[in-house]
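# Summary of structural features
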Amino acid sequence: MTLDPEFLKQTTDLITQTLELYKAAGASPRVGETWDCENIGDFLCGFFVGEMVGSALSAFQIVHQREPTADEHLEIIELVESHAKEIKEFFSKFN
């Protein structure tokens, strides 16, 4: 692990808290129509994962005033992936 413990904690908190917000809000009934997708849960899951990785990468740049190395970038992706079971479980309800 090359990411510092405080960044890891903050990113984990971001993922957990954002997923809780999604759980409370649900999904727009227009998602399937607006984005022309059949599997709304799969679409929302991909959107969520992209949002979490992008947010974590942006936070990294702000905190460290530089781009992450390839290893740091991979660690950020793996951190999001470590929540895959819970993320997939929630979004599968929309398929």
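Structure: see above.
Residues numbered from 1 in each chain as written. Predicted model: local features only at pLDDT ≥ 70, side-chain atom pairs only at ≥ 80, totals over all residues. Heavy atoms only, no water.

## Description of the packing of aromatic side chains
Two numbers describe a pair of aromatic rings. These are the distance of the centres and the angle of the planes. To keep it simple, the criterion reads: Only centres within 6.5 Å qualify two rings of Phe, Tyr or Trp (six-membered ring in Trp) as a pair; their planes then separate them into stacked at under 30 degrees, edge-to-face at over 60, and tilted for everything else. Burial here depends on accessible area, computed with a 1.4 Å probe over protein chains only, as a share of the maximum for the residue type. Under 20% is buried, over 50% is exposed, and the range in between is partly exposed.
Following the criterion strictly, the structure yields seven aromatic pairs and no others. When the centroid spacing of 5.9 Å and the interplanar angle of 25 degrees are considered together, the rings of tryptophan 35 and phenylalanine 43 count as stacked. For tryptophan 35, a relative accessible area of 54% translates into the label exposed. Relative to phenylalanine 94, the ring of phenylalanine 90 lies with its centre 5.4 Å away and its plane at 80 degrees, an arrangement referred to as edge-to-face. Residue phenylalanine 90 is classed as buried on the basis of its relative accessible area of 8%. Relative accessible area serves as the criterion here: at 27%, phenylalanine 94 is assigned to the partly exposed category. Linked through ring pairs, Tyr22, Phe48, Phe90, Phe91 and Phe94 together constitute an aromatic cluster.

## Quick word on the side chain of histidine 83
What counts is decided by this rule: A run of H or I in DSSP becomes a helix once it reaches four residues, and a run of E becomes a strand once it reaches two; helices and strands are each numbered from the N terminus.
Within the secondary structure, histidine 83 sits in the loop between α4 (70-81) and α5 (84-91). On the basis of relative accessibility, which here comes to 15%, the residue histidine 83 falls in the buried class.

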